Every structure is written in structure tokens, then in C-alpha cells.
Amino acid sequence: DVDVVRFRAARQGGFAKRTDWEGRGGTPLQPLGRVVHWAAPRDPFSINGQAVPAEFLGTTIRDGVASVRMQLPGAELVEYGETTTLGVLPGYVRTLVIDGDGSALTMALPSQGIPDYLGAGESWQWWRDGADLVGVRGAAGVVPGGVQLPAQGEVSIIVLPGADIDAAIREGIPGLES
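Notes on the structure in this doc start here. Being a predicted model, the structure only gives us computed values, none of them experimental.

**Looking at the pattern of salt bridges**
All chains considered together, the criterion is met by two salt bridges. The residue arginine 69 makes a salt bridge to glutamate 76 at a minimum N-O spacing of 3.3 Å. For glutamate 76, a relative accessible area of 24% corresponds to the partly exposed category. Put simply, glutamate 79 and arginine 94 hold a salt bridge, and the shortest N to O gap is 2.4 Å.

Structural data, given as C-alpha cells:
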């Protein structure tokens, strides 16, 4: 959703149909692929509990990887995604590369509501959001429903839609045994 630069859905398949060079002034990109995870519309970034807008700077496709550039107070972020598996659990990872100082920024997790914090695993912090599991690596801290971004570096967010809980327990995701 580039009007407010926020994550809305993960799709499996093609990225986008580019017709933006056709006609006078172009046309919007048409997303391709089927939706495999949907996030509720919410302000993704805040400072001290107040929403802050991200300015859309552009997109890039390099070596088959799509990325989105955005400017936030104090930092420029580049976000890209990829599919992944955690053992037998399929999902996707979003990675944000932070240039500048992102330490004042809090980022909401991509979720349907307010996810329940499960705890820290070997290298990820984990939440449960309905049937989905959401993990974060590289964050400076954990806050209700989100994470505090570091000053610089990378933050990765893994989403395992409709995760099999028994398989997740075998993979060492904390807080699921009860």
C-alpha cells in the first residue's frame, strides 16, 4: 500500500504487472500471485506511540528480488522479501535494511490483530497471531504488538501462515507447549 507505505499482503507467485509506462501518466502496478498472508491495515511505524508516515522513495527489482525504499524520520529503509521454510514450516521473510538512525522507531508486526508474545527462541523473538507464527530477528527491543528498530543494520521478520503447532514445537519455537 504505497499511499501510506505499509505492508498489506504477502503473495505467492508473480510480483506485479508493470503497465506504468502505458498511456498518459501511466497506470498503477497490478499485484500478481495469490494472497498467502493478510495484515490488518494499521500504521506500521511510530515514535513514542504516535504514528509517523513513511515517504515512498521507489521500488527496485534486482536479480529477481523486489525491494521498496522508504524514508522515515531519521532513517531510510529498504525492504525486500523472500520465501523460506523453517524445518517443514513454509513462510516468508521480510528484511529491512536501516540506513541512518532508526532507534526512535517502533514497527508494528504484520498481523490480523495484536499478536501474543511467545518468547525468545535461538535467534528469533516469536509471537502467535491466530494460526500464524511471527518471528523477528535483529530488533533492538520488544514492545506490545511490535518491535523497536535498531539504530542501523537489518531486521528480519519471518511469518509462518497457518503453522502446524506440533511442527513448530519440534523446531524450537517457544511458548507453544501449553
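On we go.
**A short note on the pairing of strand S7 (residues 55–62)**
By the bridge criterion, seven bridges tie S7 to strand S8 (residues 65–72) in an arrangement that is antiparallel. Looking at the pairing, threonine 59 lines up with valine 68 of S8. If you look at the hairpin formed by S7 and S8, you'll find two residues sitting between the two strands, and aspartate 63 has a positive phi there, around 55 degrees.

**Here's the deal with the packing of aromatic side chains**
In this description, a pair of aromatic rings is defined by centroid distance and the angle of the planes. What the rule picks out here adds up to two aromatic pairs. Measuring from centroid to centroid gives 6.2 Å for tryptophan 124 and tryptophan 126, while their planes differ by 45 degrees, and the two rings are tilted. Overall, tryptophan 124 belongs to the buried group, its relative accessible area being 12%. The exposure class assigned to tryptophan 126 is buried, which follows from its relative accessible area of 2%.

**A few points about the nonpolar core**
Among the nonpolar cores identified, the biggest contains 21 residues, and Phe45, Leu72, Leu77, Met107, Val136, Leu149 and Ile157 are the most heavily contacted of them. Among the secondary structure elements, those contributing two or more residues to this core are S8, strand S9 (75–86), strand S10 (89–100), strand S14 (132–137) and strand S17 (153–160). Discounting chain neighbours no more than four positions away, the residues touching leucine 77 are Phe45, Val68, Arg69, Met70, Leu72, Leu96, Val97, Ile98 and Leu149.

**Considerations on the sheet that holds S17**
Pairing is antiparallel in the open sheet, where eight strands are placed in the order S7-S8-S9-S10-S17-S14-S13-S12. Edge positions in the open sheet fall to S7 and strand S12 (116–120), since each of these has one partner strand only. Across the sheet, the mean angle from the axis of one strand to that of its neighbour is 20 degrees, orientation sign disregarded. With five bridges connecting them, strand S13 (residues 125–129) and S14 associate as antiparallel partners. Counted as the bridge partner of glutamine 125 is valine 136 from S14.

Conventions adopted
- Residues numbered from 1 in each chain as written.
- Predicted model: local features only at pLDDT ≥ 70, side-chain atom pairs only at ≥ 80, totals over all residues.
- Heavy atoms only, no water.
- Salt bridge = Lys/Arg side-chain N within 4 Å of Asp/Glu carboxyl O.
- Buried < 20%, exposed > 50% of the residue type's maximum accessible area, 1.4 Å probe, protein only.
- Pairing = 2+ DSSP bridges.
- Helix = DSSP H or I, 4+ residues; strand = E, 2+ residues; numbered from the N terminus.
- Phe/Tyr/Trp six-rings, centres within 6.5 Å; stacked < 30°, edge-to-face > 60°.
- Core = buried A, V, L, I, M, F, W, Y, C linked by side-chain atoms within 4.5 Å.
- Contact = heavy atoms within 4.5 Å.
- Axes fitted to C-alpha atoms, helices over the stretch in contact; angles between N-to-C directions.

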